[in-house]
Amino acid sequence: MISLRKLSILAIIATFSFGLASCSKKDEQLATDYATKKASAQTLIDQINQSMTTMHIDHDQWMATLTTAGAKPGADTATIGLVKSDLTKHEADMAAISALIDTAKMYMNASPDQADSLKNADDKLGTASTDLTDKWKSFQDAHASLQQRIQQLAVTSAVATAVDTTMAAAKKAEPAKRAPTAIVPPAEQHHGAVRKSAQ
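Residues numbered from 1 in each chain as written. Predicted model: local features only at pLDDT ≥ 70, side-chain atom pairs only at ≥ 80, totals over all residues. Heavy atoms only, no water.

Caption draft 1: Focus on the packing of aromatic side chains. One pass over the full model with this rule turns up one aromatic pair. Seen in terms of ring centroids, Trp136 and Phe139 are 5.9 Å apart; in terms of plane orientation they differ by 15 degrees. Their pairing is stacked. Within this pair, Trp136 and its partner Phe139 are both found in helix H3 (residues 115-173), separated by three residues, close to a single helical turn. (Phe/Tyr/Trp six-rings, centres within 6.5 Å; stacked < 30°, edge-to-face > 60°. Helix = DSSP H or I, 4+ residues; strand = E, 2+ residues; numbered from the N terminus.)

The structure is reproduced here in structure tokens:
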């Protein structure tokens, strides 16, 4: 007959085994969630890094366009200066995005075997990914808006230059003004029948 003490030990072992099974199941779910977040974050980071290369080139070209437009006679320097300022702020946001990428990467190397650290990394990575996604979306919208504004300024500047060139060419081709010609009254004419001379 099994003693009470043995029954108690068996009960404790059963409870402990059940607890381990439960923890194992929870850790597995956590590991899956973490792996999903990690893959999503890596995809976003790769996309950002690839796009940033092209955006850097855009910024250099845009600044050159604005500088050229601002140097032309009659340029809207106030508007051009404002766009330049916004472009500078836009470039500064690149640094903020890079910092968010670094933050996300800090939580992408947690071990599934360490439940506590994995849970912390899972939470932190989720927050960092959300912040990075929001900042990147805002950055893309600002980039598209700047592109539209700068293209409009370039068109306006090109039209103004074309008008100035046309007017200068027309002025150059205009003949020199001559002195007014004196008006000479026509010779007086005799009216009536012409008389025949006597024969």
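Caption draft 2: Main features of the nonpolar core. One finds Ile48, Met52, Ile97, Leu132, Trp136 and Phe139 to be the most contacted residues of the largest nonpolar core, which totals 20 residues. Looking at this core, the elements that each hand over two or more residues are helix H1 (4-70), helix H2 (77-106) and H3. Considering each element in turn, this core owes the most residues, eight residues, to H1. Beyond its immediate chain neighbours, meaning those up to four positions away, Leu132 contacts Leu44, Ile45, Ile48, Ile97, Leu100 and Ile101. (Core = buried A, V, L, I, M, F, W, Y, C linked by side-chain atoms within 4.5 Å. Buried < 20%, exposed > 50% of the residue type's maximum accessible area, 1.4 Å probe, protein only. Contact = heavy atoms within 4.5 Å.)

Caption draft 3: Focus on the side chain of Asp122. Along the polypeptide, Asp122 turns up in helix H3. On the accessibility criterion, Asp122 (4% relative accessible area) is buried. Of the polar contacts made by the side chain of Asp122, one reaches the side chain of Lys37; its length is 3.3 Å. Those residues in contact with Asp122, other than ones at most four positions away along the chain, are Leu30, Asp33, Tyr34 and Lys37. (Polar contact = N/O pair within 3.5 Å; in protein donor to acceptor, adjacent residues only side chain to side chain.)

Function-wise, these values are silent; they only describe arrangement.
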